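Residue-level structure breakdown
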Amino acid sequence: MKKILLTVTVFLAVTACKTNPFTGKKMLNFYGNQQLFPTAFAQYDQFLTENKVVTGTKEAQMITTVGQRIAKAAETWLNANGYPGYLKDYQWEYNLVNDKTVNAWCMPGGKIVFYTGILPICQDETGVAVVMGHEVAHALADHGAQRMSAGTLQQLGAVAGNVAIKDESTRNMFNQAYGVGSSLGVMLPFSRSHETEADRIGIQIMAIAGYNPDEAARLWQRMKANSGGQAPPEFLSTHPSNDTRINNLTAWAPAAKQEAAKFGVTSFK
């Protein structure tokens, strides 16, 4: 049994890799678009039926307009860099939902929700573009599938340990240590790396779409102010700290402008 689990784990880790076109790095991904997207689309549709979707307002139209510009910029970059057809299975959709939560999210395949609670932090169309670029980047980099894949490996590790350890007391100790260790040492850093990657890809795409990448750091300054400094230590969080994100985005803005210039974009909203 142990040998079978080890063989399966190694096989999945070695064979289920896909290249991230924006970073050139291999991505751990056991789930193809045909497997994951239909489920994500169905869950998104179900969410919309259970929540108050805002339609017919300037804010709702802004979400759609910005989303379309960001997605078009992503497609332009992908086509220019040897990835035509990369988005063929994506079905972009952008909805504004009446909810005070300061958040936005994107499901695999390009299904995006903005909550009305984040709009005061965004302030304007460019602020929306910062958030939209980040969410679109999650979809482009298959972060949802990667999280599921990492979770699968985490579960396989737990099963292997429980099969290998016969003594119940030792097995209980293993389960406690493995749960904490795999979360703090693997899963949380993995999640933070995705957020950082989405920030970097997102700021590049928003610039190609004609939005000022300098505004990304300013948005996170507003996020920090809105939080009142209440946040867990970075090593206990799924996200980088506000200060880390502000510093990163400030450093990346010039490169984002240079990338946009390759596509003739030299002035920004």
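These numbers come from a predicted model, not from an experiment.

**Focus on the pattern of salt bridges**
Evaluation of the coordinates by the stated rule reveals ten salt bridges. For the salt bridge of Arg69 with Glu125, the shortest nitrogen-to-oxygen distance reads 3.9 Å. Of this pair, Arg69 sits in helix H3 (residues 58-80) while Glu125 is found in helix H5 (residues 125-140), placing the two residues 56 residues apart along the sequence. Under the relative-accessibility criterion, Arg69 is labelled partly exposed at 29%.

**Thoughts on the pairing of strand S6 (residues 111-115)**
Burial of S6 is extensive: five of the five residues sit out of reach of the surface. Covered by surrounding structure in S6 are Lys111, Val113 and Tyr115 together with Ile112 and Phe114, the residues of both alternating faces. Pairing between strand S4 (residues 93-97) and S6: five bridges, direction parallel. Residue pairing in the sheet places Leu96 in a bridge with Phe114 of S6. Across four bridges, the pairing between strand S5 (residues 104-107) and S6 is antiparallel. If you follow Cys106 over to S6, its bridge partner there is Ile112.

**As for helix H2 (residues 33-50)**
Here H2 spans 25 Å end to end across 18 residues, near enough to the 26 Å set by a 1.5 Å rise per residue. Regarding H2, the residues found buried are Asn33, Leu36, Phe37, Ala40, Phe41, Tyr44, Phe47 and Leu48. Down the axis of H2, the smallest arc covering the buried residues is 130°, so these residues share one side. Along H2, the residues that are exposed and aim more than 90 degrees away from the buried face are Gln34, Gln35, Thr49 and Glu50.

**Looking at the confidence of the model for the protein**
When the pLDDT values of the protein are averaged, the result is 83; 71% of them are 70 or greater. When the criterion is pLDDT under 50, residues 1-15 qualifies, and its contacts beyond four places in sequence or with other chains add up to 14 contacts.

**What about the nonpolar core?**
In terms of nonpolar packing, the biggest core is built from 59 residues, with Ile63, Ile70, Phe114, Met132, Leu140, Ile203 and Ile205 touching the most fellow members. When sequence neighbours within four positions are dropped, the list of residues in contact with Ile203 reads Pro213, Ala216, Leu249, Trp252, Ala253 and Ala256. Residues Tyr44, Phe47, Trp105 and Met107 belong to the second largest nonpolar core, which totals nine residues.

**Brief notes about the packing of helix H8 (residues 214-227) against helix H9 (residues 242-261)**
The contact between H8 and H9 brings their axes to 7 Å, and the two run at 170°. If you check the angle between H8 and H9, you find them roughly antiparallel. The hand of the H8/H9 crossing is right-handed. When H8 is examined against H9, the residues Asp214, Ala216, Ala217, Trp220, Gln221, Met223, Lys224 and Ser227 are found in contact with a partner set consisting of Asn242, Asp243, Arg245, Ile246, Leu249, Thr250, Ala253 and Lys257. When the residues that make up the contact of H8 with H9 are grouped by side-chain class, the tally is seven nonpolar, four polar and five charged.

**A closer look at the sheet that holds S6**
Taken in spatial order, the four strands of this open sheet run S3-S4-S6-S5, and their pairing is mixed. Looking at strand neighbours, the two that pair on one side only are strand S3 (53-54) and S5, the edges of this open sheet. Bridge count between S3 and S4: two bridges; the pairing is antiparallel. In the sheet register, Val53 faces S4, and the bridge partner there is Val97. On the sheet, H2 packs against S3, S4, S5 and S6 and is oriented at approximately 30° with respect to S6. Packing of H5 onto the sheet brings it into contact with S4, S5 and S6, and relative to S5 it is tilted by some 25°.

**Notes on the packing of aromatic side chains**
The final tally for this structure, using the stated rule, is eight aromatic pairs. With centroids separated by 6.5 Å and ring planes inclined at 25°, the aromatic side chains of Tyr86 and Tyr90 adopt a geometry described as stacked. Ring pairs connect the aromatic residues Phe37, Phe41, Tyr83, Tyr86, Tyr90 and Trp92, which therefore count as one cluster. If you follow Lys111 out to its NZ or CZ, it ends over the ring of Phe41, 4.9 Å from the centre.

About the criteria used
- Within each chain, residues carry numbers counting from 1 in the order of the written sequence.
- Side-chain atom pairs in this predicted model are given and counted only at pLDDT of 80 or more, local residue features only at pLDDT of at least 70, and totals for whole chains, interfaces and linings cover all residues.
- The side-chain numbers reported here are obtained from all heavy atoms of the structure, hydrogens and water having been left aside.
- When a carboxyl oxygen of Asp or Glu lies within 4 Å of a side-chain nitrogen of Lys or Arg, that pair is called a salt bridge.
- Strands are runs of DSSP state E lasting at least two residues, helices are runs of H or I lasting at least four, and both sets are numbered from the N terminus onward.
- For every residue, the accessible area (1.4 Å probe, protein chains only) is compared with the maximum for its type, and the residue is labelled buried under 20%, exposed over 50%, or partly exposed between those bounds.
- Strands are labelled as partners when DSSP assigns at least two bridges between them.
- Multiplying one less than the number of residues by 1.5 Å gives the expected span of a helix.
- Here the arc refers to the set of directions running from the helix axis out to each C-beta atom.
- Each residue carries a pLDDT value, the predictor's own confidence for that position, ranging from 0 to 100.
- Note on contacts: a residue pair is in contact if any heavy atoms of the two residues lie within 4.5 Å.
- Definition of nonpolar core: a set of buried residues of the types Ala, Val, Leu, Ile, Met, Phe, Trp, Tyr and Cys, connected through side-chain atoms within 4.5 Å.
- To get an axis, a line is fitted to the C-alpha atoms, and for a helix only the part in contact is used. The angle between two axes follows their N-to-C directions and goes from 0 to 180 degrees.
- What sets the label is the angle itself: under 35 degrees gives roughly parallel, over 145 gives roughly antiparallel, 65 to 115 gives roughly perpendicular, and the rest give oblique.
- If you view the pair so one helix is near and one far, a crossing is left-handed when the near helix is turned anticlockwise from the far one by less than a right angle, and right-handed when it is turned clockwise.
- Under the convention adopted here, Pro, Cys and the residues Ala, Val, Leu, Ile, Met, Phe, Trp and Tyr are nonpolar, Asp, Glu, Lys and Arg are charged, and Gly plus all remaining residues are polar.
- Geometry of aromatic contacts follows a simple scheme: Phe, Tyr and Trp rings, the Trp one being its six-membered ring, pair when their centres are within 6.5 Å, and the pair is stacked under 30 degrees between planes, edge-to-face over 60, tilted otherwise.
- We count a charge as sitting over a ring when the NZ of a lysine or the CZ of an arginine lies within 6 Å of the ring centre and within 35 degrees of the ring normal.

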